[in-house]
Amino acid sequence: MRPMNRRHTMNVRFALLPVLLAVGLTACTVETGLEPELPRDPHSYANAEEARVAHVALDLTADFETRTLAGTATLDIVRTAGSSAIVLDTRALEIEAVRVAGTGEPLEWTLGEPDPVLGRPLRIMLPPGAEHLEIAYRTTDGAAAVQWLDPAQTSSGAPFLFTQGQAILTRTWIPTQDSPGIRQTYSATITVPEGLVAVMSAETLTPEGESVDGQTRYAFRLDAPIPPYLIALGIGDLSFREVGPRTGVWAEPSVVDAAADEFAEMEAMLEAAEELYGPYRWGRYDVLVLPPSFPFGGMENPRLTFATPTILAGDRSLVSLIAHELAHSWSGNLVTNATWSDFWLNEGFTTYIENRIMEAVYGEAYARMLEQLGRTGLRSEIEDELGGYESGETVLHLDLTGRDPDEGMTAIAYDKGAAFLRTIEHVVGRERFDAFLRRYFDTFAFQPMTTEKFLAYLDENLLEENPEWREAIRPRQWVYEPGLPENVPPVESEALVLAAEQADRFAAGTPAAELATAGWSTHEWLHFLQSLPRDLPHDRLRALDSTFELTQSGNSEILFEWLRLAIANRYEPAFVALEDFLTRQGRRKFLRPLYQDLAATEWGRARAVEIYRDARPMYHAISRNSIDETLDWGDD
Ligand code: BES
Ligand code: ZN
């Protein structure tokens, strides 16, 4: 780990000043004194050119009765000589007091008008020299980052809490500058009811916790500077199992053994990633398996990936998600999108690296299956949801000003982004591209990255060598123009070709039992199901179902594909399973399309509304938000 100590940074800056002046780089970094230079972030109120948060120290108590996190956040800030205020991001926070840390001198502060997505700016007046501010506050019911779970929503029967900061939800539980370009170290003291364990995306200083007045207190710190969306907290009845020397899993007791078994190859993935892109800089890599309401598949919180239990398939077939979150330890957590318009730099690189890790650990053929599934998904998303290959929604660098950054979370950032990197790899050769990426991560470690800066670096450090490469790749077309450029190298997985053939045979009338499915992995099943015609007679669906027990599938991805087909054909025998799936897990990737499919017909919409009325309170605010939109749900 490489802590970026503020004083150290300042020394370097002053040492460099004459050099910078000499080469004519009198950029505003020198004038303001704050580094690095940051583009304007339309999703933050921070006045980053005047004052920045460098360290956040939390002292919070989790009260499961009132469902509040309450206490203080003490911020170490860096500021320019002329600064008179610092502006923080908050949303739905109740601010109680702001004072100078240590002396307790009260400070003047104001909260601006609320914006439903961005929240309210908290402007704190700064007396000369003030660099440590203490904010007393509590969260409210509007804390969209935080989900409080009742005992009925967990496998242990204990309550649970988890946070989800990305993209701009950290401000709903921590008053800080919530912009991915403003890196902050953090420390925390978290007090929880006795019997519960707290974990964070940081080093635990008190593995056993300390007993204080009948409660338990845990302490954490992370010395590496991170974007605030990576500050994360989990509280529950948690156990730990080691997987390898640097890897392990946290989960509720009844899940932890299954999780440790499912993720047994984590250490090998970590080694494969290091082999490709250089040392892992975060110490440990653990995974916290959350209760099923977790709205995402995974979240790359440093040192502690948060993951949905729906990847516990029992056969390790969905672990590419772990490869993905691990890959973020380089792309995203080390080199970070400067604003949410640069989101593809996080997710496109990560999706590419995920596939490289999978190839290293599971072999070429396996990785090609995964890559082709990604490519097929990208094409159908462009065609069916994003408005086609000419649509402005299909450019890598989206201008998300005035929009919820959540809207940038499409297959474009992920799979078009990965396809761009694959194209570069294909043109310049793998060896050269690997060396380039490794150098890129070393050069920009712990720094924000913009799309333009990446393009410039790519040009100067790779493409300059051979002008033909520029022409063969056309980076600016990839980044700024819609669609999928025709120079993308095709992906073809032989295994998936065979699976699609079986789908064609079935569509042409071959009995289900005669299909050649022996030895299929999850991915062949997924491709098979996706390749079937959307409308199938009920007797054919019944034949598929009774032969392959799809309605009973314990594999969430296979079940999801099957349920989509069932909805498309109003195949009632699968609807008990459908309702069960919609109510026992809260992963948005599964929920949204299923509700959307249902909402497409009158009968389906009625069912969707009925199910949603009961299930909605169990979903995380992130999933609720999306489905409210799908179903035009009112305010409650
Ligand atoms: N960082 C993302 C999750 C995210 C993105 C949360 C944007 C909030 C805003 C994470 O790495 C991710 O991409 N998760 C995917 C799984 C992955 C295998 C594609 C998910 O949750 O579906
Ligand atoms: Zn990701």
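Heads up: the structure comes first, above all this text.
Quantities reported herein were computed from a predicted structural model and do not represent experimental measurements.

Rules behind the numbers
Residues numbered from 1 in each chain as written. Chains lettered and ligands numbered in written order. Predicted model: local features only at pLDDT ≥ 70, side-chain atom pairs only at ≥ 80, totals over all residues. Heavy atoms only, no water. Helix = DSSP H or I, 4+ residues; strand = E, 2+ residues; numbered from the N terminus. Buried < 20%, exposed > 50% of the residue type's maximum accessible area, 1.4 Å probe, protein only. Donors = N, O, S within 2.8 Å, 3.2 Å for Na, K, Ca; no water. Tetrahedral: all angles 85-135°; square planar, octahedral: opposite > 155°, others 65-115°. Axes fitted to C-alpha atoms, helices over the stretch in contact; angles between N-to-C directions. Parallel < 35°, antiparallel > 145°, perpendicular 65-115°, else oblique. Left-handed = near helix turned anticlockwise from the far one by under 90°. Contact = heavy atoms within 4.5 Å. Nonpolar A, V, L, I, M, F, W, Y, C, P; charged D, E, K, R; others polar. Phe/Tyr/Trp six-rings, centres within 6.5 Å; stacked < 30°, edge-to-face > 60°. Lys NZ or Arg CZ within 6 Å of the ring centre and 35° of its normal. Pairing = 2+ DSSP bridges.

### Focus: unusual backbone geometry
Here is step 1 of the chain: With an omega dihedral of -10°, the bond running from Glu35 to Pro36 counts as a cis peptide bond.
Here is step 2 of the chain: Within the element layout of this structure, Pro36 appears in the loop between α2 (28-32) and β1 (51-63).
Here is step 3 of the chain: Going from Gln166 to Ala167, the amide bond is cis rather than trans, its omega being 0°.
Here is step 4 of the chain: Although it is not a glycine, Asp213 sits at a positive phi angle of roughly 50°.
Here is step 5 of the chain: Overall, the relative accessible area of 76% leaves Asp213 in the exposed class.
Here is step 6 of the chain: A positive phi is found at Arg303, a non-glycine position, where the angle reads about 65°.
Here is step 7 of the chain: Assignment of secondary structure puts Arg303 in the loop between β19 (298-299) and β20 (304-307).

### Points about the coordination of the zinc ion (ligand 2)
Here is step 1 of the chain: Bound to the zinc ion (ligand 2) on the protein side are His324 (NE2), His328 (NE2), Glu347 (OE) and Glu347 (OE), at distances that span 1.9 to 2.7 Å.
Here is step 2 of the chain: Coordination at the zinc ion (ligand 2) is irregular: its six donor atoms span angles of 52 to 159° at the metal.
Here is step 3 of the chain: Donor residues for the zinc ion (ligand 2) sit on one chain with the sequence pattern H-x3-H-x18-E. Here Glu347 lies in helix α6 (residues 343-362) and His324 lies in helix α5 (residues 320-327), a separation of 23 residues in the sequence. Of the two residues examined, His324 and Glu347, each falls in the buried class.

### Topic: the packing of helix α9 (residues 430-443) against helix α10 (residues 451-461)
Any two packed helices are characterised by how steeply their axes cross, that is the angle between the axes, and by the distance between the axes.
Here is step 1 of the chain: At a minimum axis separation of 11 Å, α9 and α10 run at an interaxial angle of 130°. Taken together, the axis directions place α9 and α10 in an arrangement best described as oblique. Viewed along their axes, α9 and α10 form a crossing whose handedness is right-handed. Taking contact as the criterion, the partners of Phe436, Arg439, Tyr440 and Thr443 in α9 are, on α10, Phe454, Tyr457, Leu458 and Asn461.
Here is step 2 of the chain: Considering only residue class, the contact of α9 with α10 consists of five nonpolar, two polar and one charged.

### Examining helix α14 (residues 522-531)
Here is step 1 of the chain: Most of α14 sits out of view: eight of its ten residues are buried.
Here is step 2 of the chain: Those residues of α14 that are buried lie in contact with α7 (364-384), α13 (494-507), α15 (538-548) and α16 (556-568).

### As for the packing of aromatic side chains
Here is step 1 of the chain: By the definition in use, this model includes 41 aromatic pairs.
Here is step 2 of the chain: With 5.9 Å between their ring centres and 80° between their planes, Tyr277 and Phe441 make a pair best called edge-to-face. Of this pair, Tyr277 sits in helix α4 (residues 266-277) while Phe441 is found in helix α9, placing the two residues 164 residues apart along the sequence. Comparing Tyr277 with Phe441, the two get one shared label, buried.
Here is step 3 of the chain: Ring plane angle 75° and centroid distance 4.9 Å describe the contact between Trp520 and Trp525, whose orientation is recorded as edge-to-face.
Here is step 4 of the chain: Looking at Trp520, the relative accessible area reads 15%, which means it is buried.
Here is step 5 of the chain: For Trp525, a relative accessible area of 14% gives the class buried.
Here is step 6 of the chain: Positioned above the aromatic ring of Phe506 is the side chain of Arg540, whose terminal nitrogen or guanidinium carbon lies 3.8 Å from the ring centre.

### Some thoughts on the sheet that holds strand β6 (residues 120-125)
Here is step 1 of the chain: Judged by pairing direction, the sheet is antiparallel, and its three strands sit side by side in the order β3-β6-β5 without closing on themselves. If you trace the sheet from one side to the other, it starts and ends with β3 (85-90) and β5 (109-111), each paired once. Across the sheet, the axes of successive neighbouring strands diverge by a mean angle of 20°, strand direction being ignored.
Here is step 2 of the chain: In terms of strand pairing, β5 meets β6 through three bridges, oriented antiparallel. Opposite Leu111, over in β6, you have Leu122 as the bridge partner.

### Here's the deal with the sheet that holds strand β11 (residues 197-200)
Here is step 1 of the chain: Ordered in space as β8-β9-β15-β11, the four strands form an open sheet in which the pairing is antiparallel. The open sheet has two free edges, formed respectively by β8 (146-149) and β11, since each of these has just one partner strand. On average, adjacent strands in this sheet sit at an angle of 10° to one another, irrespective of strand direction.
Here is step 2 of the chain: With two bridges connecting them, strand β9 (residues 160-163) and strand β15 (residues 233-236) associate as antiparallel partners. Its bridge partner being in β15, Phe162 is matched across the sheet by Gly234.

### Remarks on the pairing of strand β16 (residues 239-242)
Here is step 1 of the chain: Pairing of β16 with strand β17 (residues 247-251), which is carried by four bridges, proceeds in the antiparallel orientation. Its bridge partner lying in β17, Phe240 is registered against Trp250.
Here is step 2 of the chain: The turn linking β16 back onto β17 is made up of four residues.

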